[in-house]
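Architecture at a glance
Here's the letter readout for the chains.
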Amino acid sequence: MTETMQTLRALQKKLYAFQFALNVIDYDAQTAAPSESYAGRGEALEVLSGIQYSLIADPALPALLEKARSEALGEQEAAEVAELQRMYDETSKIPAQEYAAFVKLTTAAINAWEKAKAASDFSLFAPYLEQIVDYRRRTAAYFDPDKAPYDVWLDKYEKGLDMAQCDAFFAQLKAVIQPLVKQIVEKGAAIPSDFLNTTWPLEAQRKLSRMVMERMGIDAGHCQLGESEHPFTTEFYKGDVRITTHYHEDDMASNLYSVIHEGGHALYELHIADRLQYTCLSGGASMGLHESQSRLCENYLGRSLGFIKNLWPQLTALFPDQLAGVTPEAFYKAVNQCQPSLIRTEADEVTYCLHIMVRYELEKRLMDGSLAVKDLPAAWNAQMKELLGVEVPDDAHGVLQDIHWACGDMGYFPSYALGTAYGAQMMAQMRKTLDVDALLEAGDWVPITRWLEERVWQYGKEKSPAWLLQNACGAAFDPKYYTDYLVEKYSAIYQL
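Here goes a summary of the coordinates provided.

Rules used in this analysis
Residues numbered from 1 in each chain as written. Predicted model: local features only at pLDDT ≥ 70, side-chain atom pairs only at ≥ 80, totals over all residues. Heavy atoms only, no water. Helix = DSSP H or I, 4+ residues; strand = E, 2+ residues; numbered from the N terminus. Buried < 20%, exposed > 50% of the residue type's maximum accessible area, 1.4 Å probe, protein only. Contact = heavy atoms within 4.5 Å. Pairing = 2+ DSSP bridges. Axes fitted to C-alpha atoms, helices over the stretch in contact; angles between N-to-C directions. Salt bridge = Lys/Arg side-chain N within 4 Å of Asp/Glu carboxyl O. Core = buried A, V, L, I, M, F, W, Y, C linked by side-chain atoms within 4.5 Å. Disulfide = S-S within 2.5 Å. Phe/Tyr/Trp six-rings, centres within 6.5 Å; stacked < 30°, edge-to-face > 60°. Lys NZ or Arg CZ within 6 Å of the ring centre and 35° of its normal.

**Topic: unusual backbone geometry**
Located in the positive-phi region is Tyr278, a residue other than glycine, with phi close to 70°. Within the secondary structure, Tyr278 sits in the loop between α10 (252–270) and α11 (287–301). Residue class for Tyr278 comes out partly exposed when judged on its relative accessible area of 33%. We note that Gln495 has phi near 50°; this positive angle belongs to a residue other than glycine. In this fold, Gln495 is placed in the segment after α20 (480–494). Judged by relative accessible area, which is 63%, Gln495 ranks as exposed.

Shown next, in the form of structure tokens:
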């Protein structure tokens, strides 16, 4: 390794250390910290993120990167230099004071969101969201003053993505999903699911969570499960990944599929190549790629009949009274029924992307200024009525259900829909060489995770999202794999 690359590796190690510290603080804030501790935490985060900024936006870095490019670099080293250049180009455009202040703002915003959700009162969160939207609009101009602010942020979460592509993608989904929902509704065939509406002891649910993580091949020595208001995954490095869930005594399926979803994120991080650890290439290639793995695990694997059959002896042992007389086939249909609902994270596969469309349409309007933050709850309720046909009873079950806007994540939500569609195409390719259903019924996830590790996980950010999709799918991205999957699966469930 050249002296230049040794210097750059030392920089990356420092950046890793600061990110580790920031992640510890964030994880603690959402799982264990006292509710009124956000002020001191915000001060610490402002200082730490300020130092992190100075390392990334160091005026001497471009010359160092240019020198590195003039030297003989290996593939990984060249990718490190390119990623550091991207980080410098993006970060240095934001004034240092604004960069650190935004971290402090989101710390306060998350605390306000938690209180607002508990009280079901959007007004408690609105002042913070106004500042976040203003910041995102303003800082978008630092990156590209000629581009629409929302296009700037879509590109940050999924390289190359813009509103034109999103509009076309969602229109393609809508053209299939809405008629499919209509067919299911008109069929009028209700799926028996009353047995889900009962009390599920929390300690038994906790045992189920640990059991499911083990079944997925998640190493408990390197991945801890915590509890939080909104389930999430935090990656420190491949030896320490944390996931969380939220337990509902009246809804066991919510926790079951939250754990599998976050477990998908964890598996990705736990299988990134050792050689990429402590470099800027460690971590998922994009939000869409990361969500493809969590949605793949949650739905294409976790909601399959094979997985449920394999888990059935443990489910009935943990919940003998609740599942008395219920068959695996009945449970499979119940957790896959299509029923427009209020909460995104608990939505069925058919209507899930309609929830994403609600958020996408509202984010577009917030970012272009055509929708004021104060009018967001009413606009949310109208969109939910239009796209899903449901009435929103209160803010907690509506506009306040997700933490993402409190974190400043404008432009993240489309990644969930894209990732879901990516996952469908990956599964279609995987099934060409693996009998996925038989493996799931046997409880053998190893060939499945090895397939994903070889094609996606191991590369971290070393390869582009487009390269990884091509490598995993054997072709360019095509949303038709996802819509075909929905039609085939739900035609069978509802006998359409």
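**Notes on the side chain of Asn310**
Checked against the element boundaries, Asn310 lands in helix α12 (residues 305–318). Other than its neighbours up to four places away in sequence, Asn310 contacts Arg215, Leu440, Glu441, Ala442 and Gly443.

**A word on the environment of Val392**
Counting through the fold element by element, Val392 comes out in the loop between α15 (376–388) and α16 (414–430). Look at Val392 and you get buried, because its relative accessible area is 16%. Expressed as a C-alpha distance, the spacing of Val392 and His246, which sit 146 residues apart in the sequence, is 21 Å. Other than its neighbours up to four places away in sequence, Val392 contacts Leu342, Trp380, Asn381, Met384, His397 and Gly398.

**As for the sheet that holds strand β1 (residues 223–227)**
In spatial order, the strands read β1-β3-β2; together these three strands make up an open sheet with mixed pairing. Only two strands of the sheet have a single neighbouring strand rather than two, namely β1 and β2 (233–237). The mean inter-strand angle of the sheet, taken between neighbouring strand axes irrespective of direction, is 20°.

**Points about the environment of Ala189**
As for its position among the elements, Ala189 is in the loop between α8 (163–187) and α9 (202–215). Separated by 304 residues in sequence, Ala189 and Ile493 place their C-alpha atoms 9.8 Å apart. Here Ala189 is in contact with Ile184 and Tyr494, once residues within four sequence places are set aside.

**Some words on the pattern of salt bridges**
For the structure on display, the rule yields 32 salt bridges. The salt bridge involving Arg344 is made with Asp402; its shortest N-O contact spans 3.0 Å. In this pair, Arg344 sits in the loop between α13 (328–335) and α14 (352–368) while Asp402 sits in the loop between α15 and α16, placing the two residues 58 residues apart along the sequence. Judged by its relative accessible area of 3%, Arg344 is buried. The salt bridge partner of Asp375 is Lys374, with a shortest N-O separation of 3.3 Å.

**Brief notes about the nonpolar core**
Counting 159 residues, the largest nonpolar core has Phe331 and Met426 as its most contacted members. Residues contacting Phe331, with those up to four places away along its chain left out, are Phe195, Leu196, Met252, Ile308, Trp312, Leu315, Leu323 and Val326.

**Some points on the state of the cysteines**
Per the stated rule, a full pass over the model turns up zero disulfides. With no disulfide of its own, Cys166 has Cys353 as its nearest cysteine by sulfur position, at a separation of 11 Å. Given a relative accessible area of 1%, Cys166 falls into the buried group.

**So, the packing of aromatic side chains**
Scanning the model with the defined rule gives 26 aromatic pairs in all. Measuring from ring centre to ring centre gives 5.7 Å for Phe143 and Trp153, while their planes differ by 85°; the resulting arrangement is edge-to-face. Residue Phe143 is found in helix α6 (residues 126–143), and its partner Trp153 is found in helix α7 (residues 149–157); the two are separated by 10 residues along the sequence. For the pair Phe143 and Trp153, one class covers both residues: buried. Ring plane angle 40° and centroid distance 5.1 Å describe the contact between Phe170 and Tyr360, whose orientation is recorded as tilted. Of this pair, Phe170 sits in helix α8 while Tyr360 sits in helix α14, placing them 190 residues apart in sequence. Neither Phe170 nor Tyr360 differs from the other in exposure class; each is buried. The ring of Tyr416 has Arg344 lying over it, and the distance from NZ or CZ to the ring centre is 4.5 Å.

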